[in-house]
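# Report on the structure
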Amino acid sequence: MSDETPEKATPHAGEPGTVAVTVEGKKGAPATYKASLTSEAPKLRIKDLGVTYIDRHGRSTEAVREVSLDILDKPGIGEVVVFLGPSGCGKSTILKSVAGLLPPTRGEVLVEGKPVTGVGRDRGMVFQAYTSFGWLTVRENVEYGLRLRSIPRDERRKLSDKYLKSVGLDEFADHYPKDLSGGMKQRVAIARTLINQPKLVLMDEPFGALDPQTRWGMQSLLLDVSRSEDNTILFVTHDVSEAVYLADTIYVLAPRPTHILHRIDVPFFANRDIGLKSSTEFRNVEKKLLDLLYSPAG
Ligand SMILES: Nc1ncnc2c1ncn2[C@@H]1O[C@H](COP(=O)(O)OP(=O)(O)OP(=O)(O)O)[C@@H](O)[C@H]1O
Ligand SMILES: [Mg+2]
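Residues numbered from 1 in each chain as written. Chains lettered and ligands numbered in written order. Predicted model: local features only at pLDDT ≥ 70, side-chain atom pairs only at ≥ 80, totals over all residues. Heavy atoms only, no water.

### Thoughts on the overall build of the chain
Spelled out, the test is: Secondary structure is summarised from DSSP: a helix means a run of H or I of at least four residues, a strand means a run of E of at least two, and numbering begins at the N terminus for each. Accessibility here uses a 1.4 Å probe with only protein chains present; expressed as a share of the type maximum, an area under 20% marks a residue as buried, one over 50% as exposed, and anything in between as partly exposed. Per-residue accessibility takes into account occlusion by the displayed protein chains alone, with areas from the Shrake-Rupley method and a 1.4 Å probe.
Scanning the chain from N- to C-terminus turns up eight helices and 12 strands. Looking at the chain as a whole, 50% of its 298 residues qualify as buried. Total accessible area on the chain stands at roughly 14400 Å², and carbon and sulfur atoms take up 51% of it.

This is the structure we're talking about:
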């Protein structure tokens, strides 16, 4: 049958000089990931997670099937963990379960040993769609979470100065979102999330709607910011190049109902700058990922 025949890799255009992939319907190398959960309480544990949606007509869609992983805390270091998988596989569903926006059908999510039962300040989410409040200035948007917690004005100001600067928006503090470009709006969302200093930052294809050049800039900015914040970023993408550029660890996800096929530890690149993307070392990791996604199953 044709859908059992491994097809040749057909990367479609992503960023210039990079590869974006659609792995849906393709059969890749056999899964190599086997969950082994530690005995200690990790920063994040996803245990036997399963999510099946039931719509109002009673039809069910199994989105996530048995996802288990541990992300350990690396004190003092920001870490980026990427979920790479095809459109519709269940990436947002996993992230929403971690965020506490969606109760799992099976299994559980634990942050530092505590079961997630709803949204919480220890987790912050940046969505693909721009989510700034149009009636608030950039600074008011960024300070929003602090205001909800009744943090005094002076302290809010100090923190918003810091985070607006870290995303390069200090000169736009008094502007409204409508006056900003897409990349700038996402920087507002990132600052608004980071200012609450969550342990886990959940980013669901946050740069998907940006033009390639802006996207590169945002990737570098994210790496800069993650170096100065001691948090773990869970980043969802379908772009192989973006995954390799950002990640310390990549989980490759299967089409729906999703589960983890592979876990890749990305080698430490001394300089993660834009030139890296055309280096042989970088290309080799990209190629390895593409091979895993597309090579004939054994
Ligand atoms: N609220 C819902 N009700 C019913 N089915 C849903 C709901 N949300 C998602 N699904 C289904 O679950 C599956 C996984 O969806 P999800 O949004 O997690 O995928 P994704 O990997 O994030 O996709 P994309 O890359 O396109 O954002 C899809 O088949 C989708 O149609
Ligand atoms: Mg999604």
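Right, picking up where we left off after that structure.
### Re the site of ligand 1
This is how it is decided: Being near a molecule or strand, for a residue, comes down to having at least one heavy atom within 4 Å of it. Each polar contact in these results corresponds to two N or O atoms within 3.5 Å; when the atoms are within protein, one needs to be able to donate a hydrogen and the other to accept it, and residues that are neighboring in sequence are counted only if both atoms are side-chain atoms. The classification used treats Ala, Val, Leu, Ile, Met, Phe, Trp, Tyr, Cys and Pro as nonpolar, Asp, Glu, Lys and Arg as charged, and all other residues, Gly among them, as polar.
Taken together, 13 residues surround ligand 1, and among them Ser87, Gly88, Lys91, Ser92 and Thr93 come closest. Here an oxygen atom of ligand 1 sits 2.7 Å away from a polar atom, N or O, in the side chain of lysine 91. Relative to its unbound accessible area of 640 Å², ligand 1 is 62% covered by the protein chains. Sorting the residues of the shell around ligand 1 by element identifies β4 (60–71) and α1 (91–99) as the ones contributing at least two each. Per-element tally for the shell around ligand 1: the top contributor is α1, with three residues. Class assignment for the residues of the shell around ligand 1 results in four nonpolar, six polar and three charged.

### As for the sheet that holds strand β10 (residues 232–237)
Our working rule: By the convention used here, strands pair only if DSSP detects at least 2 bridges between them. Fitting a line to C-alpha atoms yields each axis, with helices limited to the stretch in contact; the angle taken between N-to-C directions then spans 0 to 180 degrees.
Taking strand neighbours across the sheet as the criterion, the six strands line up as β8-β9-β10-β5-β11-β12 in an open arrangement whose pairing is mixed. What marks the edges here is a single partner per strand, and that holds for β8 (123–126) and β12 (260–265). On average, adjacent strands in this sheet sit at an angle of 15° to one another, irrespective of strand direction. The pairing of β8 with strand β9 (residues 200–204) spans four bridges and is classified as parallel. By the bridge assignment for β9, methionine 125 is matched with leucine 202.

### A short note on the confidence of the model for the chain
Note: predicted coordinates in regions of low pLDDT should not be interpreted at a detailed level. This is how it is decided: Scored from 0 to 100, pLDDT records how confident the predictor is in each individual residue. It only takes one pair of heavy atoms within 4.5 Å for two residues to be counted as in contact.
Residues of the chain with pLDDT of at least 70 account for 89%, and the chain-wide mean is 87. The weakest mean pLDDT in the chain belongs to strand β1 (residues 12–13) at 42; the strongest belongs to helix α2 (residues 138–142) at 97. Considering only residues more than four positions removed or in separate chains, one finds that residues 1–17, a stretch of pLDDT under 50, has 25 contacts.

### Notes on α1
The buried fraction of α1 is high, at seven of nine residues. Listing the buried residues of α1 in full gives Lys91, Thr93, Ile94, Leu95, Ser97, Val98 and Ala99. Once α1 finishes, glycine 100 follows within two positions and takes phi at roughly 90°, a positive value.

### Comments concerning a nonpolar patch on the surface
Our working definition: Excluding any residue in a salt bridge, patches collect residues exceeding 30% relative accessible area, merging like charges within 9 Å and nonpolar Val, Leu, Ile, Met, Phe, Trp and Tyr side chains within 5 Å. One speaks of a salt bridge when a side-chain nitrogen belonging to Lys or Arg is within 4 Å of a carboxyl oxygen belonging to Asp or Glu.
A cluster of nonpolar side chains, Leu101, Val119 and Phe127, forms an exposed patch at the surface whose accessible area comes to about 270 Å². One can find leucine 101 in the loop between α1 and β6 (106–111).

### Thoughts on helix α5 (residues 182–194)
Where we set the bar: Residue count minus one, scaled by 1.5 Å, sets the expected span of a helix.
Here α5 contains 13 residues, and its C-alpha end-to-end distance of 18 Å stays within 8% of the 18 Å for a straight helix at 1.5 Å per residue. Here α5 lies mainly inside the structure; 12 of its 13 residues are buried. Every buried residue of α5 is accounted for by Gly183, Met184, Lys185, Gln186, Arg187, Val188, Ala189, Ile190, Ala191, Arg192, Thr193 and Leu194. Summarising the contacts, the buried residues of α5 are in contact with β8, α2, α4 (153–166), β9 and α6 (212–228).

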